[in-house]
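# Inside the fold
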Amino acid sequence: MTNRSVLVTGASRGIGRAVAEAFAAAGDRVAIHHRRSPDLAAAVLAGLPGSGHVVVQAELADPEQVRRMV
């Protein structure tokens, strides 16, 4: 299954970044979530294959920020 839209939380580094890269490599559009790492998230975005990816920022413990992000 490809061409999905997926949100990967904590995608600016580590396991989240690897997951975002795997989804993008499979042909999916990825929303790269970060809490306070806009530069790292932008670097992930720049390195993903394909198109339609976006960077989103939110503190996941704050329901209003999650609503805004979605």
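Scroll up for the structure.
In this report, we go over the structure that sits alongside the text. (Residues numbered from 1 in each chain as written. Predicted model: local features only at pLDDT ≥ 70, side-chain atom pairs only at ≥ 80, totals over all residues. Heavy atoms only, no water.)

## What to know about the pairing of strand β1 (residues 5-8)
In β1, alternate side chains face the same way, and those of V6 and V8 are buried while those of S5 and L7 on the opposite face are not. With four bridges joining them, β1 and strand β2 (residues 29-34) adopt parallel strand pairing. When the bridges of β2 are listed, V6 appears paired with V30. Handedness of the crossover joining β1 and β2 through helix α1 (residues 14-25) is recorded here as right-handed. (Buried < 20%, exposed > 50% of the residue type's maximum accessible area, 1.4 Å probe, protein only. Helix = DSSP H or I, 4+ residues; strand = E, 2+ residues; numbered from the N terminus. Pairing = 2+ DSSP bridges. Right-handed = clockwise from strand over helix to strand, strands pointing away.)

## Re the pattern of salt bridges
A side chain of one charge can pair with a side chain of the opposite charge when the charged atoms of the two come close. According to the stated counting rule, one finds four salt bridges in the structure shown. The closest approach of N and O atoms between D28 and R4, which form a salt bridge, is 2.8 Å. Taken as a pair, D28 in the loop between α1 and β2 and R4 in the segment before β1 lie far apart in primary sequence, 24 residues in all. D28 gets classed as buried once you look at its relative accessible area, which sits at 2%. Judged by relative accessible area, R4 falls into the partly exposed class, the value being 30%. E59 is paired through a salt bridge with R35; the nearest N and O atoms lie 3.5 Å apart. Of the two residues, E59 is situated in the loop between β3 (54-57) and α3 (63-69) and R35 in the loop between β2 and α2 (38-47); the sequence distance between them amounts to 24 residues. For E59, a relative accessible area of 24% puts it in the partly exposed group. (Salt bridge = Lys/Arg side-chain N within 4 Å of Asp/Glu carboxyl O.)

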